[in-house]
Amino acid sequence: MSNIVDPLVGRIAARVRTERERRRWTLAQLADVSGVSQAMISRIERGESSPTAVVLGKLSAAFQLSIASLLALAEGTPDGSPSAAGVRRRTDTAEWRDPGTGYRRRQITGPDFPAEVAEIRLPAGAQVPYPAAAFAFVRQVVWVLEGHLTFHDGDTVHELDAGDTIELGEPAERVFANTTDTECRYAVILTRGTQP
């Protein structure tokens, strides 16, 4: 079964290529900096493979962007025009699905809004690790809306229930884990830092 079912795959592909070319990196250079194989990056850039959340974390860290920033840029208005203030209907908002874990992400704010808000649905038993560099240049809060989230912040583990929040400090390796048998829904709120 093809994993090219996500309408964002093409936009993510274009965004990864644009960020790489903006830095004048070859595929080999991006592979070296990110730890993602050259073959995988090539498949992503051609829209032949939807990256997992872990791969996106490594790529965003290499670009010194947050994952949310990388996806928000990809999720921006399809024609490249600025997004307008006002109502955004649920049906008008694309949802990205991680083909590896089933993790689903929906960008709530538009690319021109000064803070990024995303809704995440983490399936039962799923675990998504990110490198510390994926959290560089951002201030971030995680707010659990439904369910239970086991959050690894470096060597510290936090058990978060609905209504709990955690404000993230200095970049560290982090893992979002759902150790329960029901979905966990949470929001990620971050402010953009200095773009490279």
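Our structure is the block above this text.
Our subject in this report is the structure included herewith. None of the values given here were measured: they were computed from a predicted structure. (Residues numbered from 1 in each chain as written. Predicted model: local features only at pLDDT ≥ 70, side-chain atom pairs only at ≥ 80, totals over all residues. Heavy atoms only, no water.)

**A word on the overall build of the protein chain**
Thinking step 1. Each helix and strand in the protein chain was counted, giving 5 helices and 10 strands.
Thinking step 2. Looking at the protein chain as a whole, 44% of its 196 residues are labelled buried.
Thinking step 3. For the protein chain, contacts bridging at least 24 residues in sequence account for 66% of all contacts bridging at least 6.
Thinking step 4. With an accessible surface of roughly 9,600 Å², the protein chain has 52% of that area assigned to carbon and sulfur atoms. (Helix = DSSP H or I, 4+ residues; strand = E, 2+ residues; numbered from the N terminus. Buried < 20%, exposed > 50% of the residue type's maximum accessible area, 1.4 Å probe, protein only. Contact = heavy atoms within 4.5 Å. Areas by Shrake-Rupley, 256 points an atom, 1.4 Å probe, with all protein chains shown as cover.)

**Structural notes on the side chain of T109**
Thinking step 1. Among the secondary structure elements, T109 is positioned in the loop between β2 (104–107) and β3 (115–122).
Thinking step 2. Among the residues examined, T109 registers a relative accessible area of 12% and is labelled buried.
Thinking step 3. Reaching out from T109, the side chain makes a polar contact with the backbone oxygen of A115 at a distance of 3.2 Å.
Thinking step 4. Here the side chain of T109 touches V117 through a polar contact of 3.0 Å, landing on its backbone nitrogen.
Thinking step 5. Non-local contacts of T109, meaning those with residues more than four positions away in its chain, are made with R88, A115, E116 and V117. (Polar contact = N/O pair within 3.5 Å; in protein donor to acceptor, adjacent residues only side chain to side chain.)

**What to know about the environment of L27**
Thinking step 1. Along the chain, L27 falls in helix α2 (residues 27–34).
Thinking step 2. Along the primary structure L27 and Q38 are separated by 11 residues, whereas in three dimensions their C-alpha atoms are 5.8 Å apart.

**Regarding the nonpolar core**
Thinking step 1. Counting residues in hydrophobic clusters, the biggest one holds 42 residues, and the most contacted among them are L59, Y103, L122, Y130, L149, F176 and Y186.
Thinking step 2. Element by element, the count of residues in this core is highest for helix α4 (residues 53–63), at 7 residues.
Thinking step 3. Leave out the neighbours within four places in its chain, and L59 touches V16, L30, S34, V36, I41 and I44. (Core = buried A, V, L, I, M, F, W, Y, C linked by side-chain atoms within 4.5 Å.)

**A look at unusual backbone geometry**
Thinking step 1. In this structure, R24 takes a positive phi of about 60° despite not being glycine.
Thinking step 2. Within the secondary structure, R24 is located in the loop between α1 (9–22) and α2.

**Quick look at the packing of aromatic side chains**
Thinking step 1. Taken as a whole and assessed by the stated rule, the structure comprises 6 aromatic pairs.
Thinking step 2. Centre to centre, the rings of W25 and F63 are 6.1 Å apart; their planes meet at 20°, and the pair counts as stacked. With W25 in the loop between α1 and α2 and F63 in helix α4, this pair connects stretches of sequence that are 38 residues apart.
Thinking step 3. Through a chain of ring-to-ring contacts, the aromatic side chains of Y130, F135, F151, F176 and Y186 assemble into a single cluster.
Thinking step 4. We note R174 situated over the ring of F135; from NZ or CZ to the ring centre the distance is 4.6 Å. (Phe/Tyr/Trp six-rings, centres within 6.5 Å; stacked < 30°, edge-to-face > 60°. Lys NZ or Arg CZ within 6 Å of the ring centre and 35° of its normal.)

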